[in-house]
Amino acid sequence: MAQIRLECRNVAKRFGAITAVQNLNFKIADGEVVSLIGPSGCGKSTLLNMGSGLDPASEGEVLVDGEKVTKPNEHVAFMLQKDLLLPWRTIRQNVEFGLEIRGVPASERKAISLELLRKCRLPDFAENYPHQLSGGMRQRAALARTLAVDPAVLLMDEPFSALDAQTKMVLQQDLGRTLAETGKTTLFVTHDLVEAIALSDRVLVMSQRPGTIIEEIVIDIPGRENPMERRKSPKTGPYIAQLMSLLHIGEEVH
Ligand SMILES: Nc1ncnc2c1ncn2[C@@H]1O[C@H](COP(=O)(O)OP(=O)(O)O)[C@@H](O)[C@H]1O
Ligand SMILES: [Mg+2]
């Protein structure tokens, strides 16, 4: 098996008397894209916060490349629904922000950011400001910024959930291609079942709170770099049905 990049060992998180997640155990190998789905409030964001080092686990440990995560660090990058671009910086300056903090020289920063903006299909917007871009373009810029620091692991918390359905499909396509090109190890949280199937090698399904992983589904559809084609695969429907059943979606409808 390829090198394990991200691992949760018996992880639990409590907020006072509330246990948000418990008995979390899973491994993600180098280059894998894994989606995490589960009912609202089951602890998906809690898990990513622990993975990013923003919030400590109450029990167990989260490991990146075998090292326990104890604080935010350069090995893990986090992308959220909100793009968090700095409005007073151009798109290129936003992409370069993390590199600047690390003291990467300006010429090198520029080369990296322009290459990533090309990959994320924003080559002509490097010198524009965030407010001049559409929501979809801003999320592509946020992806470029996330990739700029070349993290070992990418954590994404519903990054496309604020976008309209068609923009979202375009962004999924961009992400699928970019993840294939860069080989980034990714844990992707979504409530969109088709998005999870289209983008991932595996889908982890969580229970209601206290959230724990109740099922792992390997997505056996070729061409992960092309989510639009994967959506259309005859195998997608049965995977959706399986996920709906695990999540009890539609059971209250008669
Ligand atoms: N900082 C916090 N303090 C108290 N409770 C929290 C905090 N963060 C999350 N929770 C609780 O933990 C549970 C899981 O939340 P969250 O991880 O945001 O769920 P999800 O992302 O799956 O919708 C929820 O019941 C939420 O109210
Ligand atoms: Mg959440």
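Along each chain, numbering runs from 1 in the same order as the chain's sequence is written. A letter from A marks each chain and a number from 1 marks each ligand, given out in the order of writing. pLDDT decides what is reported in this predicted model: residues at 70 or higher carry local features, side-chain atom pairs at 80 or more are listed and counted, and totals for whole chains, interfaces and linings draw on all residues regardless. Derived side-chain values reflect all non-hydrogen atoms in the structure, with water molecules and hydrogen atoms excluded from consideration.

K.L.:
Outline unusual backbone geometry, listing residues and values.
P.N.:
Here the bond from R209 into P210 is cis, since omega is -5°, no more than 30 degrees from zero. In DSSP terms, a helix is any run of H or I states spanning at least four residues, a strand is any run of E spanning at least two, and both are numbered starting from the N terminus. With respect to the helices, strands and loops of the structure, P210 is situated in the loop between β9 (202-206) and β10 (213-218).

K.L.:
Give me the site of ligand 1: which residues, what numbers.
P.N.:
Taken together, F15, A20, P39, S40, G41, C42, G43, K44, S45, T46 and R209 make up all the residues around ligand 1. Whenever two N or O atoms come within 3.5 Å, that pair is a polar contact, provided that in protein one can donate a hydrogen and the other can accept it, and provided that, for residues adjacent in sequence, both atoms are side-chain atoms. Taking G41, its main chain carries an N or O atom lying 2.7 Å from an oxygen atom of ligand 1. Within the contact set of ligand 1, an oxygen atom lies 2.9 Å away from a side-chain nitrogen or oxygen of S45. What sets the accessible areas is the Shrake-Rupley method with a 1.4 Å probe; for residues, cover comes only from the shown protein chains. Relative to its unbound accessible surface of 560 Å², ligand 1 loses 59% to contact with the protein. The element that contributes the greatest number of residues to the shell around ligand 1 is helix α1 (residues 44-52), accounting for 3 residues. Classification used: nonpolar for Ala, Val, Leu, Ile, Met, Phe, Trp, Tyr, Cys and Pro, charged for Asp, Glu, Lys and Arg, polar for all others including Gly. For the shell around ligand 1, the residue count by class is 4 nonpolar, 5 polar and 2 charged. In these notes, residues near a molecule or strand are those with any non-hydrogen atom within 4 Å of it.

K.L.:
Before we move on, can you summarise the side chain of K13 with the specific residues and values?
P.N.:
With respect to the element layout, K13 can be found in strand β1 (residues 4-15). The class for K13 is buried, based on a relative accessible area of 7%. Beyond its immediate sequence surroundings of up to four residues, K13 is in contact with I18, T19, A20, V21, T46, M50, D55, P56, A57 and S58. Working definition: with a 1.4 Å probe on protein chains only, accessible area under 20% of the residue-type maximum means buried, over 50% means exposed, and in between means partly exposed. In this description, contact between two residues means that some pair of their heavy atoms is separated by no more than 4.5 Å.

K.L.:
Break down the sheet that holds β10 for me, with residues and values.
P.N.:
Taken in spatial order, the 6 strands make up an open sheet running β6-β7-β8-β3-β9-β10, and their pairing is mixed. Looking along the sheet, the strands with just one partner apiece sit at the ends: β6 (76-80) and β10. The mean angle between the axes of side-by-side strands here comes to 20°, regardless of whether they run parallel or antiparallel. One bridge is not enough; two strands pair if DSSP finds at least two bridges between them. As paired strands, strand β3 (residues 33-37) and strand β8 (residues 185-189) are joined by 4 bridges and run parallel to one another. Bridged to V33 within β8 is T186. With respect to the sheet, helix α4 (residues 135-148) is in contact with β6 and β7 (153-157), its orientation differing from that of β6 by roughly 170°. Axes here mean lines fitted to C-alpha atoms, for a helix over just the part in contact, with angles spanning 0 to 180 degrees between N-to-C directions.

None of the figures reported here should be taken as evidence of function without further support.
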